[in-house]
Amino acid sequence: QHIAIADPKAAPYGKAGLEVVEKLGLTEAITPKVVTGENISQTLQFVDSGNAEVGFVALSQVTGKPASQVWVVPAADYSPILQDAVLLKTGETDPAAKAFIEFLKGPEATDIIKKFGYELAQ
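Residues numbered from 1 in each chain as written. Predicted model: local features only at pLDDT ≥ 70, side-chain atom pairs only at ≥ 80, totals over all residues. Heavy atoms only, no water.

## A short note on the pattern of salt bridges
The full count for this structure, using the stated rule, is 4 salt bridges. Close ionic contact of Lys-15 with Glu-19 constitutes a salt bridge, the shortest N to O distance being 2.7 Å. Taken together, the residues span about one helical turn, with Lys-15 and Glu-19 both in helix α1 (residues 12-23) at a distance of 4 residues. Residues Lys-105 and Glu-102 are paired through a salt bridge, measuring 3.3 Å at the closest nitrogen-oxygen approach. Here Lys-105 pairs with Glu-102, and both are found in helix α4 (residues 95-105), just 3 residues apart, close to one helical turn. (Salt bridge = Lys/Arg side-chain N within 4 Å of Asp/Glu carboxyl O. Helix = DSSP H or I, 4+ residues; strand = E, 2+ residues; numbered from the N terminus.)

Written as structure tokens, this is what we have:
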């Protein structure tokens, strides 16, 4: 009855979801059934609450759910979703901010990132 997709103008996962729907040739069929979340968290709430039977959300949001409830979309079916970290000018003298950036570059963060289904740039 309903398919939840985050606002593609504001959420990269929403844009990716629409790309997948288009690649599958389902745009016309699902357009009247789309409920749009303001963000990826609200989109998951639509599915978890039953207000939408299915939805496109981040893999990290469904880690631990039964495999029968999750379809991992092939990465080739949507444009890459790049997620970066930057150190702002206001933080360049903050030891905690600098330490966090260094942590993100290290093996512990790499393991966490991979555990939640994200790929690292080569």
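Back to the write-up after that little detour.
## As for the environment of Tyr-118
Topologically, Tyr-118 is positioned in the segment after α5 (107-115). Residue Tyr-118 is classed as partly exposed on the basis of its relative accessible area, which comes to 29%. Residues Tyr-118 and Lys-65 lie 53 residues apart in sequence; the distance between their C-alpha atoms is 16 Å. Contacts of Tyr-118, omitting those with residues within four sequence positions, involve Tyr-13, Ala-58, Ser-60, Gln-83 and Ile-113. Separated by 2.8 Å, the side chains of Tyr-118 and Ser-60 make a polar contact. (Buried < 20%, exposed > 50% of the residue type's maximum accessible area, 1.4 Å probe, protein only. Contact = heavy atoms within 4.5 Å. Polar contact = N/O pair within 3.5 Å; in protein donor to acceptor, adjacent residues only side chain to side chain.)

## Structural notes on the sheet that holds strand β3 (residues 54-56)
The strand order across the open sheet formed by 3 strands is β2-β1-β3, and the pairing between neighbours is parallel. Because the sheet does not close on itself, it has two edges, and the strands there are β2 (34-37) and β3. On average, adjacent strands in this sheet sit at an angle of 25° to one another, irrespective of strand direction. Of the pairings in the sheet, the one linking strand β1 (residues 3-6) to β2 comprises 4 bridges and is parallel in character. Across the sheet, the residue bridging to Ala-4 is Val-35, located in β2. Contacting β1 and β3, α1 runs over the sheet at an angle of about 130° to β1. (Pairing = 2+ DSSP bridges. Axes fitted to C-alpha atoms, helices over the stretch in contact; angles between N-to-C directions.)

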